[in-house]
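# What the coordinates show
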Amino acid sequence: MSAPVTPEYAVADLLGLVALGELLAFERLAADARFAPDLRRRAALGEMAAAEIANYRRLADRLEVLGVPVEEAMAAYVEPLQGYHDSTEPRDWAEAVTKAYVGNGITEDFLRETAEALREPDRQLVLDVLRESRYAEFAAAEIRHAVAADPKVAGRLSMWARRLVGEALSQAGRVVAADQGALTALIVADGRTDVPGLFRRLTAAHTARMAAAGLNN
């Protein structure tokens, strides 16, 4: 199989987007710790936050090698990503872990698909960073625990998840506009022009993720 043909200008854009995601994940985990019902869970979030900032550093270092300041690579995405987080502030522990589970899941699925168009070592770097995320398992277990303790919570969290998806899709349009087509160029760079197919895969993965946590899509 031939190596993907990567639009060079798009590499830094994708690395910048992933780096900003890791930085915001660090901030979110630190903030969500205030909702943790006990010290064990608070410590777990602290450890995960440390992993996120370490991932951010790896991406920033790679961008430096490419001659692109990390703040420059992230700049176009700050407004839409921050807008998503500002419009979806959780009210309690269950909403906080659901936000991370749903939002992170969709984002990481999309980034994995997009990263396939990168050349090495950037492809493997992005995939490694996404693979190191331990929050999905933790969050799913916490959601299942909340639903088992009070089955009525499932309805509230399912509605919250639907709102999160709507907000995420709304902000995704702004991300695409901000990067002036760089991510689209990556998606189609190696001949994968079936964008509707991509979204079908993302939707199927999201549906499976919701079912695994005991929520309704």
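Residues numbered from 1 in each chain as written. Predicted model: local features only at pLDDT ≥ 70, side-chain atom pairs only at ≥ 80, totals over all residues. Heavy atoms only, no water.

## Some thoughts on the layout of surface pockets
The space that makes up the second largest pocket amounts to roughly 210 Å³. Lining the second largest pocket we find 13 residues, and of these Gly105, Glu108, Arg112, Ala136 and Arg209 sit closest to its centre. Those elements that place two or more of their residues in the lining of the second largest pocket are helix H5 (93–115), helix H6 (122–131) and helix H7 (135–149). Ranked by residues supplied to the lining of the second largest pocket, first place goes to H5 with seven residues. (1 Å grid on protein atoms, 1.4 Å probe; cavity = no way out; pocket = protein on both sides within 12 Å on 5 of 7 lines; lining within 4 Å. Points joined across faces, edges and corners; volume = space filled by probe spheres on them. Helix = DSSP H or I, 4+ residues; strand = E, 2+ residues; numbered from the N terminus.)

## Considerations on the environment of Glu52
Tracing the chain through its elements places Glu52 in helix H2 (residues 39–65). Residues Glu52 and Leu24, spaced 28 residues apart in sequence, show a C-alpha to C-alpha distance of 8.8 Å.

## What about helix H4 (residues 78–87)?
Among all positions in H4, only Pro80, Leu81, Tyr84 and His85 are buried. Within H4, the buried residues cover an arc of 135° as seen down the axis, which keeps them to one side. Relative to its buried face, H4 has exposed residues pointing more than 90 degrees away, namely Glu79 and Asp86. (Buried < 20%, exposed > 50% of the residue type's maximum accessible area, 1.4 Å probe, protein only. Arc of directions from axis to C-beta.)

## Describing the packing of H5 against H7
Packing of H5 against H7 brings their axes to within 9 Å, and their N-to-C directions diverge by 135°. With respect to each other, H5 and H7 are oriented oblique. Every pair of crossing elements has a handedness; the one defined by H5 and H7 is left-handed. Where H5 abuts H7, its residues Trp93, Ala96, Val97, Thr98, Ala100, Tyr101 and Asn104 lie against Tyr135, Ala136, Phe138, Ala139, Ala140, Glu142 and Ile143. The residue makeup of the contact of H5 with H7, split by class, is 11 nonpolar, two polar and one charged. (Axes fitted to C-alpha atoms, helices over the stretch in contact; angles between N-to-C directions. Parallel < 35°, antiparallel > 145°, perpendicular 65-115°, else oblique. Left-handed = near helix turned anticlockwise from the far one by under 90°. Contact = heavy atoms within 4.5 Å. Nonpolar A, V, L, I, M, F, W, Y, C, P; charged D, E, K, R; others polar.)

## Points about the packing of aromatic side chains
For the structure shown, the criterion picks out two aromatic pairs. Between Tyr135 and Phe138, the ring centres sit 5.9 Å apart and the planes meet at 20°, which makes this aromatic pair stacked. Here Phe138 and Tyr135 lie together in helix H7, a separation of three residues that amounts to about one turn. With respect to class, Tyr135 is no different from Phe138; both count as buried. Through successive ring pairs, a cluster of aromatic residues spans Trp93, Tyr135 and Phe138. Cation over ring: Lys99 sits above Tyr84, and NZ or CZ is 5.4 Å from the ring centre. (Phe/Tyr/Trp six-rings, centres within 6.5 Å; stacked < 30°, edge-to-face > 60°. Lys NZ or Arg CZ within 6 Å of the ring centre and 35° of its normal.)

## Considerations on the packing of H5 against H6
Direction vectors running N to C along H5 and H6 enclose 160°, while the axes themselves pass 9 Å from each other. In terms of orientation, H5 and H6 fall into the roughly antiparallel class. Judged by the twist between their axes, the crossing of H5 over H6 is left-handed. In this structure, H5 uses Glu108, Leu111, Arg112 and Ala115 to contact H6, whose residues at the interface are Arg123, Val126, Leu127 and Leu130. The residue makeup of the contact of H5 with H6, split by class, is five nonpolar, no polar and three charged.

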